[in-house]
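What the coordinates show
Chain by chain, the residues run as shown.
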Amino acid sequence: MCEYLHHNHPVQTFSHMPTLAGRAYRCQCGNPVFFRNSKCLACGTPLGYDTSLAALIPLMPRQIADTWTPYQAEPDAAPGQTYTRCANLTTPATCNWLVPFVDGQTSQTLCQACRLNRTIPDLNDVAHPDNGVLWGRIELAKRRLFSSLLALGLPVASLTEDPVRGISFDLLRSADGGAPVVTGHKAGLITLNLQEADDAVREAVRHAMREPYRTLLGHFRHEIGHYFWDRLVRGTDWMQGFHALFGDETLDYAACLQKNYLQGPPDHWWLRYVSAYASSHPWEDWAECWAHYLHMRDTIDTAVSLGLTTESAHLEFTAFTLDALYQPDHPDAQVFLDFLNDWTRLTTLLNEMSRSMGQPDFYPFVLPHEVVAKLHFIHLLVTSGSWLEPDAGVFEQVQGQQQNAI
């Protein structure tokens, strides 16, 4: 890895889980740069995100027009990988991801994240001139999601590239005066309501739904959870554990959601579920827990990469013990337990920091023991690599069953 990707950090408390994408980057000039940047604001050096390195890197041009290579301080040094910039760099998506340029050519103009879009908003809609701004916010959240999924080694391909097991996105705007677009997942296709990127609209919906948390990134993490249930759990040996923890997914999905909307969650739902919505159906319980697992991995990853430590903080909390896990005798159970308790320390600290600014809690959730077991189950699945085995199970597309609203 290139020298500019490394820099020293303070002593770290959060050292129990392998680092994923990381979130601390520096330009060749030494100044810090950030995940969304396409240019260093200090020196003007072009920047791009390389998914194979899980890093934002400074770039220098190659001899071939519109191609780039990692910045080299020594002019005579051998060049590294050659890239082109994602074609969406110059659109409202402002995508800063890189596309490999191999053997003097590239077969793609869009990066791995942008190729997942099947439908994008109409950028020439004069009645909705904010379409571009809203789309840009959505794409930033989507890139954040997929940087983590790729770093975890999870399978990512579009429905065009893999019509049976792929994933794609329809980013749609509700017609004026018409029925709202329903955010959801069905057979590898995720639909997202463009107006969720409007802060006022999203906050109004959050308040009406009595949700403690509603963000674009949260939507993506939840809906991708539905996809990965189909992709990694359905029809595999993981089904037994899923049934033991989450329940019977063959319950009438539409009827369960309707009951949830009309009657609300069951009494004392917080003793078994991470959110009220998770109690509506086993599929939703899974998707909510999957989203929280990604919240935890990415946030701890950010804390590690920025050198954040809580070891000097005076925090009052009750640590989880091994008996809370799905498989307390697993060889790596202690690693996950340490990670879980790191998360508890970190969110306790950040919640207090948020309150000191008069803001809502950073993490407005409580993790009961039953949810901890579910999170451990997801962790074991994600780290198992079971999808790499040719006979790990048959991926079945869901026809007409799942249209999961948040």
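For the structure, check the block above.
First, a word on what this report is: a plain description of the structure on this page. From a predicted model like this one, the values you see are computed outputs, not experimental measurements.

Here we look at helix α2 (residues 199–208)
Where α2 begins, one side-chain oxygen reaches toward the backbone nitrogen of A200, 3.0 Å away; that side chain belongs to D198. Following α2 by one or two positions, R210 adopts a phi angle in the positive range, close to 55°.

Quick notes on helix α4 (residues 239–246)
Residues of α4 that are buried include every one of M239, G241, F242, L245 and F246, and no others. Buried residues of α4, seen end-on, are gathered within an arc of 160° and therefore sit on one face of the element. For α4, the exposed residues set more than 90 degrees away from the buried face come down to Q240 and A244. Among the structural elements, α3 (216–233), α6 (282–305) and α8 (369–384) are those in contact with the buried residues of α4. Of the residues trailing α4, G247 is marked for its positive phi of about 110°.

Examining the sheet that holds strand β8 (residues 117–119)
Sheet architecture is open: 4 strands sit in the order β8-β9-β11-β10, paired in mixed fashion. The two strands at the open ends of the sheet, each matched to only one other strand, are β8 and β10 (184–186). Across the sheet, the mean angle separating the axes of adjacent strands is 30° when strand polarity is ignored. Alignment of β8 against strand β9 (residues 168–172), held across 2 bridges, turns out to be parallel. Along β9, the bridge assignment pairs N117 with F169. Against the sheet, helix α1 (residues 131–151) contacts β8, β9 and β11 (189–193), and its axis sits at roughly 155° relative to β9.

Cut-off values and rules
Residues numbered from 1 in each chain as written. Predicted model: local features only at pLDDT ≥ 70, side-chain atom pairs only at ≥ 80, totals over all residues. Heavy atoms only, no water. Polar contact = N/O pair within 3.5 Å; in protein donor to acceptor, adjacent residues only side chain to side chain. Helix = DSSP H or I, 4+ residues; strand = E, 2+ residues; numbered from the N terminus. Buried < 20%, exposed > 50% of the residue type's maximum accessible area, 1.4 Å probe, protein only. Arc of directions from axis to C-beta. Contact = heavy atoms within 4.5 Å. Pairing = 2+ DSSP bridges. Axes fitted to C-alpha atoms, helices over the stretch in contact; angles between N-to-C directions.

Everything listed here is a matter of coordinates, which is why it stays silent on function.
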